Amino acid sequence: MVSEARPAVERAQAALCGGTRGTADRGGISSPMEEIERWFRDLCIAKRSTQKTENLTYLLDIDCIKSPIDQNSQLVAVSCSNHCIRVYNKQTLALVQQFQGHSAPISGIRFAQTNSHFLFSASCDGTLKCWDVRLSSAEAVQIYKGYPNNAFISFDISCNDLVICAGTEKIAEDVYLVFWDARSGTNTDSPGGQEPLGVYSETHNNDITQVRFHPSNPNMVASGSTDGLVNVFDISQETEDDALLATCNSDSSVSFIGWSGKQQEQIFCLTHDEGFFLWDLAHLHNDEPITLIKMQDARKSLKLDSGNLDYLIGGFYHKKADRLFVLGGSHMGKLHFLKCEAGALAHMYSLRDGHSATVRAFYWDSEDNSLLTCGEDSQLVLWKPNAIETSTEKKTTMKLPSDVHRKMRVHSKSTYKSKK
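Residues numbered from 1 in each chain as written. Predicted model: local features only at pLDDT ≥ 70, side-chain atom pairs only at ≥ 80, totals over all residues. Heavy atoms only, no water.

1. Some details on the overall build of the protein chain
Across its full length, the protein chain carries five helices and 28 strands. Residues counted as buried form 58% of the 420 residues belonging to the protein chain. Long-range contacts, defined as pairs at least 24 residues apart, comprise 52% of the intrachain contacts of the protein chain with a sequence gap of at least 6. Carbon and sulfur atoms provide 47% of the accessible area of the protein chain, an area that totals close to 18000 Å². (Helix = DSSP H or I, 4+ residues; strand = E, 2+ residues; numbered from the N terminus. Buried < 20%, exposed > 50% of the residue type's maximum accessible area, 1.4 Å probe, protein only. Contact = heavy atoms within 4.5 Å. Areas by Shrake-Rupley, 256 points an atom, 1.4 Å probe, with all protein chains shown as cover.)

So this is what it looks like as structure tokens:
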């Protein structure tokens, strides 16, 4: 049985992780993968937005409007360690709006998928908030409240903007996935805050650090936790037990999860000790193994030509290349593009001179092949192929006691729950 399973794994890794290989360069025509690699190699700094020295804060998370109507509506939002949200014009990195409405660290921000005027944020203060980026007012247009003592450390909104899901920090023995009807975000008649639709409470036993809805199926959502588990749910089912479709065990504390593959049937996971895992949910109901890749520590497995890989930031699936990419970095600000192939991660290209400290988040825009990065040096950087930097700002080195880093990235290393 083992000898039969091994070729199946290798076939799956080559087809699902390895991307398009059959269109290699013929007669001077580049394959999609070669074209994408060229875009990565040509990335240069186009713009840089920095803060004044007295106002330095960590930039923690980043998101962009998915379908801008025109260039003036191309907005990027970043969350900051001083509990505020800044909204910039994506092309100029000029500050457009600032929201200051949370009383504790912000754990995530997301633009709505279908109505780009709305921006959502989750916080450890026990609330989620909806902001209208068109308004000059800095007040939230809707507040979503959880249950007493909830501290939200992860969240996401479904692809049809109907459901919000947030994960909580563990309090006593309780940890929850909390759900709301997102449509109430346009209703200002509930000043007391929108109450949850309900919770899942039985499938994790520690902090829920990640929540990620499927890119095209609004009923499917994945969650990751410091208990080492990545759970996949179908929220159209009536009970939590029926909703649980799969449980994948990383044997470590989960720091990032995302969807991958042509049919978005793969799910990948990064861990707080820099592990990388890839599972294929298409194999849930057949005899082929669900685990495609298992790297306990990418820092030890990867060989880089220059610089060190100190941490993994996140990943994204590139439809044109049919390939999963991961971005990592060094504590001095260097960035490393990694590609998923042949059952492992491989170093592809490194970017330098953009940051001077740990990079916390990024956003890859496949429409114009641009990259936005932000981090602990207080800088928001826009990278574009063959760009020439026009900003007059200079990099600012920032090293402060990383209380936010401790709170929002490194979590407890408790015994990981094992679930078949």
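2. Topic: the sheet that holds strand E2 (residues 59–64)
Pairing is antiparallel across the open sheet formed by four strands, whose spatial order is E2-E3-E4-E5. Either end of the sheet is taken by a strand with one partner, and the two such strands are E2 and strand E5 (95–100). Strand-to-strand, the axes of this sheet are offset by a mean angle of 20°, without reference to chain direction. Where strand E4 (residues 84–89) meets E5, five bridges bridge the pair, whose relative direction is antiparallel. (Pairing = 2+ DSSP bridges. Axes fitted to C-alpha atoms, helices over the stretch in contact; angles between N-to-C directions.)

3. Concerning the nonpolar core
When a protein is soluble and globular, its nonpolar side chains tend to lie buried together. If you look at the biggest cluster of nonpolar residues, it comprises 21 residues, and the most contacted ones within it are Phe40, Leu43, Phe325, Phe337, Leu371 and Trp383. Mapped onto this core, the elements with two or more residues apiece are helix H2 (32–41), strand E1 (43–49), strand E22 (311–318), strand E23 (323–329), strand E24 (335–341), strand E25 (344–351), strand E26 (359–365) and strand E28 (380–385). (Core = buried A, V, L, I, M, F, W, Y, C linked by side-chain atoms within 4.5 Å.)

4. Thoughts on the pattern of salt bridges
For the structure on display, the rule yields 17 salt bridges. Across the salt bridge formed by arginine 110 and aspartate 61, the nearest N and O atoms sit 3.6 Å from each other. Taken together, the residues span a long stretch of sequence, with arginine 110 in strand E6 (residues 106–111) and aspartate 61 in strand E2 at a distance of 49 residues. By relative accessible area, aspartate 61 is classed as buried at 16%. A salt bridge links aspartate 365 to lysine 90, with the nearest nitrogen and oxygen atoms 2.4 Å apart. One end of the pair, aspartate 365, is in strand E26; the other, lysine 90, is in the loop between E4 and E5, and 275 residues separate them in sequence. (Salt bridge = Lys/Arg side-chain N within 4 Å of Asp/Glu carboxyl O.)

5. Topic: unusual backbone geometry
Even without glycine at this site, leucine 93 takes up a positive phi of about 60°. Its location among the elements puts leucine 93 in the loop between E4 and E5. A residue is classified by how much of its surface remains accessible, and leucine 93, at 6% relative accessible area, is buried. Of note, aspartate 161 is a non-glycine position whose phi angle comes to about 65°, a positive value.

6. Section: the packing of aromatic side chains
Applying the stated criterion across every chain, the model contains 16 aromatic pairs. Between phenylalanine 40 and phenylalanine 325, the ring centres sit 5.0 Å apart and the planes meet at 85°, which makes this aromatic pair edge-to-face. In this pair, phenylalanine 40 is assigned in helix H2 and phenylalanine 325 in strand E23, connecting sequence segments 285 residues apart. Residue phenylalanine 40 is classed as buried on the basis of its relative accessible area, which comes to 0%. (Phe/Tyr/Trp six-rings, centres within 6.5 Å; stacked < 30°, edge-to-face > 60°.)

7. Observations concerning a negative patch on the surface
Among the surface-exposed residues, Glu202, Glu238, Asp241 and Asp242 lie close enough to one another that they form a single negatively charged patch. Within the element layout of this structure, glutamate 202 appears in the loop between strand E13 (198–200) and strand E14 (208–213). (Patch = residues over 30% accessible without salt bridge, like charges linked within 9 Å, V, L, I, M, F, W, Y side chains within 5 Å. Lys, Arg positive; Asp, Glu negative; His and termini not counted. Charge placed at Lys NZ, Arg CZ, Asp CG, Glu CD.)

8. Re the confidence of the model for the protein chain
Mean pLDDT for the protein chain: 85, with 81% of residues reaching 70 or above. Here residues 18–26 scores under 50 on pLDDT; set against residues more than four positions off or in separate chains, the count is 22 contacts. In this model, residues 185–189 is a region of pLDDT below 50 whose contacts with residues beyond four sequence positions or in other chains number nine contacts. (pLDDT = per-residue confidence, 0-100.)

9. Some thoughts on the side chain of asparagine 231
Here asparagine 231 shows up in strand E16 (residues 229–234). Judged by its relative accessible area of 0%, asparagine 231 falls in the buried class. Once residues within four sequence positions are removed from consideration, asparagine 231 is found in contact with Thr203, His204, Val221, Ala222, Ser223, Leu244, Ala246 and Thr247.

10. Brief notes about the layout of surface pockets
Take a probe with the size of a water molecule and roll it over the atoms, and the empty space left behind shows itself. One number sums up the size of the second largest pocket: a volume of about 210 Å³. Lining the second largest pocket are Leu245, Ala246, Thr247, Cys248, Asn249, Asp251, Phe277, Trp279, Leu284, Ile290, Thr291 and Lys294. Residue classes in the lining of the second largest pocket are distributed as seven nonpolar, three polar and two charged. (1 Å grid on protein atoms, 1.4 Å probe; cavity = no way out; pocket = protein on both sides within 12 Å on 5 of 7 lines; lining within 4 Å. Points joined across faces, edges and corners; volume = space filled by probe spheres on them. Nonpolar A, V, L, I, M, F, W, Y, C, P; charged D, E, K, R; others polar.)

11. Brief notes about H2
Within the span of H2, buried status applies to Met33, Ile36, Glu37 and Phe40. Buried residues of H2, viewed axially, fall in a sector of 100°; they line one side. Where the residues of H2 are buried, they touch E1, E22, E23, E24, E25 and E26. (Arc of directions from axis to C-beta.)

12. Remarks on the environment of glutamate 240
Within the secondary structure, glutamate 240 is located in helix H3 (residues 240–243). Those residues in contact with glutamate 240 that lie beyond four places of it in its chain are Tyr200, Ser201, Glu202 and Thr203. Within the structure, glutamate 240 has its side chain in polar contact with the side chain of threonine 203 (distance 2.9 Å). (Polar contact = N/O pair within 3.5 Å; in protein donor to acceptor, adjacent residues only side chain to side chain.)

13. A few points about the sheet that holds strand E12 (residues 177–181)
One open sheet accounts for four strands, arranged E10-E11-E12-E13; its pairing is antiparallel. Because the sheet does not close on itself, it has two edges, and the strands there are strand E10 (152–157) and E13. On average, adjacent strands in this sheet sit at an angle of 25° to one another, irrespective of strand direction.

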